[in-house]
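Commentary on secondary and tertiary structure
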Number of protein chains: 4
Amino acid sequence: MLKMILTPRFGEIDGMKHVNNNVIGEWFELAREELYRYFIPDLDLSLEKWTLILVRNETDFLGQIRYGENVEIRTYILKIGNSSFTVGNEVWQENEIKAKGKSIIIHYDYINEKSMKIPGEIREKLNQHFLKEEDIGKSN
Amino acid sequence: MLKMILTPRFGEIDGMKHVNNNVIGEWFELAREELYRYFIPDLDLSLEKWTLILVRNETDFLGQIRYGENVEIRTYILKIGNSSFTVGNEVWQENEIKAKGKSIIIHYDYINEKSMKIPGEIREKLNQHFLKEEDIGKSN
Amino acid sequence: MLKMILTPRFGEIDGMKHVNNNVIGEWFELAREELYRYFIPDLDLSLEKWTLILVRNETDFLGQIRYGENVEIRTYILKIGNSSFTVGNEVWQENEIKAKGKSIIIHYDYINEKSMKIPGEIREKLNQHFLKEEDIGKSN
Amino acid sequence: MLKMILTPRFGEIDGMKHVNNNVIGEWFELAREELYRYFIPDLDLSLEKWTLILVRNETDFLGQIRYGENVEIRTYILKIGNSSFTVGNEVWQENEIKAKGKSIIIHYDYINEKSMKIPGEIREKLNQHFLKEEDIGKSN
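Residues numbered from 1 in each chain as written. Chains lettered and ligands numbered in written order. Predicted model: local features only at pLDDT ≥ 70, side-chain atom pairs only at ≥ 80, totals over all residues. Heavy atoms only, no water.

1. Some remarks on the overall build of chain A
Along chain A, the regular secondary structure elements total three helices and six strands. In sequence order, chain A lays out its α and β elements as β-α-α-β-β-β-β-β-α. The C-alpha atoms of chain A give a radius of gyration of 16 Å, which matches the 14 Å a tight globule of 140 residues would have. Referenced to the eigenvectors of the C-alpha coordinate spread, the extents of chain A come out at roughly 45 × 30 × 25 Å. The 140 residues of chain A split such that 58% are buried. (Helix = DSSP H or I, 4+ residues; strand = E, 2+ residues; numbered from the N terminus. Rg over C-alpha atoms; globule rule 2.2 N^0.38 Å. Buried < 20%, exposed > 50% of the residue type's maximum accessible area, 1.4 Å probe, protein only.)

Given below as structure tokens:
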């Protein structure tokens with residue numbers, strides 16, 4: 001499981017004085033960057049080099065996240081298919097889970113507009129962060 | 001079904017030259033505002049007056065959305081429960097559906113931190129925008 | 001002077017219950033799009049076609065902008081140089097000016113990384129929106 | 001001088017494959033948080049406790065900031081007035097300054113809607129980060 005610490009930004013708080021739901025997706029995307037580097041080590045954004053496309057997001061907002069206190073973002077792998085993989089993410093603040101999400105990402109060839117098989121060595125790296133569905137949201 | 005036209009902003013485009021996935025959630029939130037006004041006519045953000053809380057988002061990214069061309073956001077009701085309701089949203093560009101999502105929203109008392117029954121007159125207004133699950137994503 | 005109407009998004013409001021200052025820049029960028037089309041009619045983002053680069057922003061935040069009420073964004077030209085031009089922007093809400101800004105933009109060749117002269121026909125179009133510095137912020 | 005390291009987010013990159021100009025303001029706001037804590041130690045966002053309001057931003061965009069490489073945000077004080085102070089900020093990437101800005105912030109009473117004198121002990125803390133105008137943008 002990957003973990004990173006983040007400081008909520010003043011502008012990420014909304015009118016109800018808690019982090020706006022759309023911000024959570026930006027945090028999760030940032031936390032997935034370490035996985036993206038398995039596919040694109042230098043994160044080069046050219047159509048020739050970038051090979052990932054997000055096709056689905058699911059997020060449950062479990063509690064309100066407040067300003068002035070850091071959060072921890074957790075990242076793990078829930079499923080590895082032939083050409084796609086599912087990443088799980090969580091936000092924790094003050095020892096409570098505040099949001100959890102799943103993202104389905106396809107290994108994708110932008111030039112020829114088709115999916116690509118995930119190579120074995122990347123599959124192995126992803127596998128190191130595997131978490132069983134029943135362990136989602138459990139503190140550790 | 002509610003429809004609104006939106007112009008993608010330059011900064012909403014990401015490095016792959018298409019609208020970033022997290023922006024879609026902001027668009028959907030904006031498009032739901034008309035429904036929010038059924039509950040809070042003046043959209044007053046005080047804890048006493050604001051009575052809605054988002055608890056779940058699901059989004060499928062079906063196609064890339066480009067800069068320089070307006071999009072249409074469609075909004076409809078998929079389910080009305082006792083104290084919660086499910087809103088469906090779609091993004092269309094150049095006669096193609098590009099993303100669709102579902103959001104579960106609870107009628108919520110922020111002071112006492114508990115859900116509230118949706119009043120009959122609001123239920124009726126929501127009902128006017130009801131769409132059957134099997135009609136999702138069909139152009140009309 | 002160009003004018004456009006915009007609805008503040010729920011997530012654009014910050015913890016003080018007013019539009020966050022960084023959002024104003026996104027609104028101004030959107031409002032300048034009509035000017036950008038003089039240079040790049042289809043707003044094609046390729047390095048070969050896109051020819052504008054922002055080099056300076058100044059913004060004065062004059063009043064708090066609230067949720068639930070549309071704003072009007074005004075856009076005009078303050079200066080046209082050899083290869084750069086200065087755009088002025090204002091936000092109005094409920095007949096009051098809430099923010100005003102200036103942006104310096106350079107006509108720029110991204111491939112050769114150098115500024116380019118603004119062609120006469122574009123200069124003429126920009127000139128149609130010219131406003132004298134002393135008229136900034138005056139309602140009309 | 002305060003320094004913090006930040007990782008540009010995928011969605012912060014725009015269609016020209018560099019960090020969008022409006023994002024810089026969000027980074028600077030985050031970097032100023034340590035100064036905000038001098039005034040509001042727990043960053044409580046209530047009208048009674050929050051006492052800062054931003055009234056002006058100036059930003060020069062000096063170079064393109066790319067994805068995949070961390071940035072350093074620098075923060076210092078340029079001026080301390082009776083009830084306002086001016087913060088300077090810089091973004092550095094790969095040993096080059098990429099943007100610099102100034103923000104004027106007022107010590108403000110939101111309830112009575114008027115500015116307040118900056119207390120002596122806060123003034124002293126701010127003073128520790130003082131930088132002379134002629135030293136702006138110099139690497140150290």
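Additional details are given in the paragraphs that follow.
2. Some words on the interface of chain B and chain A
Counting from both sides, the interface comprises 24 residues of chain B and, opposite them, 24 residues of chain A. Considering only the side of chain B, the residues that lose the most area to chain A are Met16, Asn22 and Phe61 of chain B, jointly responsible for 29% of the buried surface there. At the surface where chain B touches chain A, the tally comes to four salt bridges. Measuring nitrogen to oxygen at the nearest pair gives 2.9 Å for the salt bridge that ties Arg56 of chain A to Asp60 of chain B. Ranked by residues supplied to the side of chain B that touches chain A, first place goes to strand S2 (residues 52-61) of chain B with nine residues. Taken together, the residues that form the side of chain B that touches chain A break down as ten nonpolar, nine polar and five charged. Pairing analysis gives five bridges linking strand S2 (residues 52-61) of chain A to S2 of chain B, with the strands arranged antiparallel. Paired with Asn57 of chain A across the strands is Thr59 of chain B, a residue of S2 of chain B. (Contact = heavy atoms within 4.5 Å. Buried area = accessible area lost by both parts, 1.4 Å probe. Salt bridge = Lys/Arg side-chain N within 4 Å of Asp/Glu carboxyl O. Nonpolar A, V, L, I, M, F, W, Y, C, P; charged D, E, K, R; others polar. Pairing = 2+ DSSP bridges.)

3. A few points about the pattern of salt bridges
Counting across every chain of the model gives 64 salt bridges over all chains. Here Arg9 of chain A and Glu26 of chain D are joined by a salt bridge, their closest N and O atoms 3.2 Å apart. You can see Arg9 of chain A sitting in the loop between strand S1 (2-6) and helix H1 (21-31) and its partner Glu26 of chain D sitting in helix H1 (residues 21-31), one on each of two chains. With relative accessibility at 4%, the residue Arg9 of chain A sits in the buried group. Put simply, Lys138 of chain D and Asp135 of chain D hold a salt bridge, and the shortest N to O gap is 3.8 Å. Put simply, Arg56, Glu58, Asp60 and Lys100 of chain A together with Arg56, Glu58, Asp60 and Lys100 of chain B are held in one network by salt bridges that share partners.

4. Some points on helix H1 (residues 21-31) of chain C
Where burial is concerned, most of H1 of chain C is hidden: eleven out of the eleven residues are buried. Three or more residues of H1 of chain C are buried, namely Asn21, Asn22, Val23, Ile24, Gly25, Glu26, Trp27, Phe28, Glu29, Leu30 and Ala31 of chain C.

5. Here we look at the interface of chain B and chain C
Each side of the interface is counted separately: chain B has 24 residues, and chain C has 24 residues. Contact between chain B and chain C buries roughly 2,000 Å² in total, counting both sides, with carbon and sulfur atoms accounting for 56%. Counting the contacts that link chain B with chain C gives four salt bridges. Here Glu12 of chain C and Arg9 of chain B are joined by a salt bridge, their closest N and O atoms 2.9 Å apart. Counting residues per element, the ones that place at least two in the side of chain B that touches chain C are helix H1 (21-31) and helix H2 (33-39) of chain B. The dominant element in the side of chain B that touches chain C, judged by the number of residues it contributes, is H1 of chain B, at four residues. Of the residues in the side of chain B that touches chain C, the class split is twelve nonpolar, four polar and eight charged.

6. Things to note about the relation of the copies chain B and chain A
One copy of the chain maps onto the second through a rotation about an axis and a displacement along it. Rotating chain B by 180° and translating it 0.0 Å along the rotation axis places it on chain A, where the RMSD comes to 0.0 Å. What the rotation and shift describe, once combined, is the action of a two-fold rotation axis. Among all residues of chain B, the one whose C-alpha sits closest to the rotation axis is Glu58 of chain B, at a distance of 2.2 Å. (Least-squares fit on C-alpha atoms with pLDDT ≥ 70 in both.)

7. Notes on the nonpolar core
With 80 residues, the main nonpolar core has Trp50 of chain A, Trp27 of chain B, Trp50 of chain C together with Trp27 of chain D as its most contacted residues. Once residues lying within four places of it in the same chain are set aside, the contact partners of Trp50 of chain C are Phe10 and Tyr67 of chain B, Tyr36, Ile40, Leu43, Asp44, Leu45, Tyr108 and Tyr110 of chain C together with Met16 of chain D. By size, the runner-up hydrophobic cluster in this structure holds 78 residues, among which are Ala99 of chain A, Leu43 of chain B, Trp27 of chain C together with Val87 of chain D. (Core = buried A, V, L, I, M, F, W, Y, C linked by side-chain atoms within 4.5 Å.)

8. Digging into the packing of H1 of chain A against H1 of chain B
When two helices pack together, their arrangement is given by the angle between their axes and by how far apart the axes lie. The contact between H1 of chain A and H1 of chain B brings their axes to 9 Å, and the two run at 175°. Taken together, the axes of H1 of chain A and H1 of chain B are roughly antiparallel relative to one another. The segment H1 of chain A lies against H1 of chain B, with Asn21, Asn22, Gly25, Glu26 and Glu29 of chain A engaging Asn21, Asn22, Gly25, Glu26 and Glu29 of chain B. Of the residues belonging to the contact of H1 of chain A with H1 of chain B, the class tally is no nonpolar, six polar and four charged. (Axes fitted to C-alpha atoms, helices over the stretch in contact; angles between N-to-C directions. Parallel < 35°, antiparallel > 145°, perpendicular 65-115°, else oblique.)

9. Focus: empty space enclosed by the protein
Vacant regions in the atomic arrangement are exposed by a probe of water-molecule size rolled over the atoms. Going through the model one piece at a time under the given rule, you end up with three cavities of 30 Å³ or more. Residue lining of the largest cavity: 35 residues in total, with Glu26 of chain A, Glu26 of chain B, Glu26 of chain C together with Val23 and Glu26 of chain D positioned closest to the centre. Taken together, the elements giving at least two residues each to the lining of the largest cavity come down to H1 of chain A, H1 of chain B, H1 of chain C together with H1 of chain D. For the lining of the largest cavity, the element with the most residues is H1 of chain A, which contributes five residues. When the residues that make up the lining of the largest cavity are grouped by side-chain class, the tally is seven nonpolar, twelve polar and 16 charged. (1 Å grid on protein atoms, 1.4 Å probe; cavity = no way out; pocket = protein on both sides within 12 Å on 5 of 7 lines; lining within 4 Å. Points joined across faces, edges and corners; volume = space filled by probe spheres on them.)

10. Regarding unusual backbone geometry
In this structure, Leu43 of chain A is a non-glycine residue whose phi angle is positive, near 55°. Even without glycine at this site, Lys17 of chain D takes up a positive phi of about 65°. Examined against the element boundaries, Lys17 of chain D turns out to sit in the loop between strand S1 (2-6) and H1. Residue classification places Lys17 of chain D among the partly exposed positions, given a relative accessible area of 24%.

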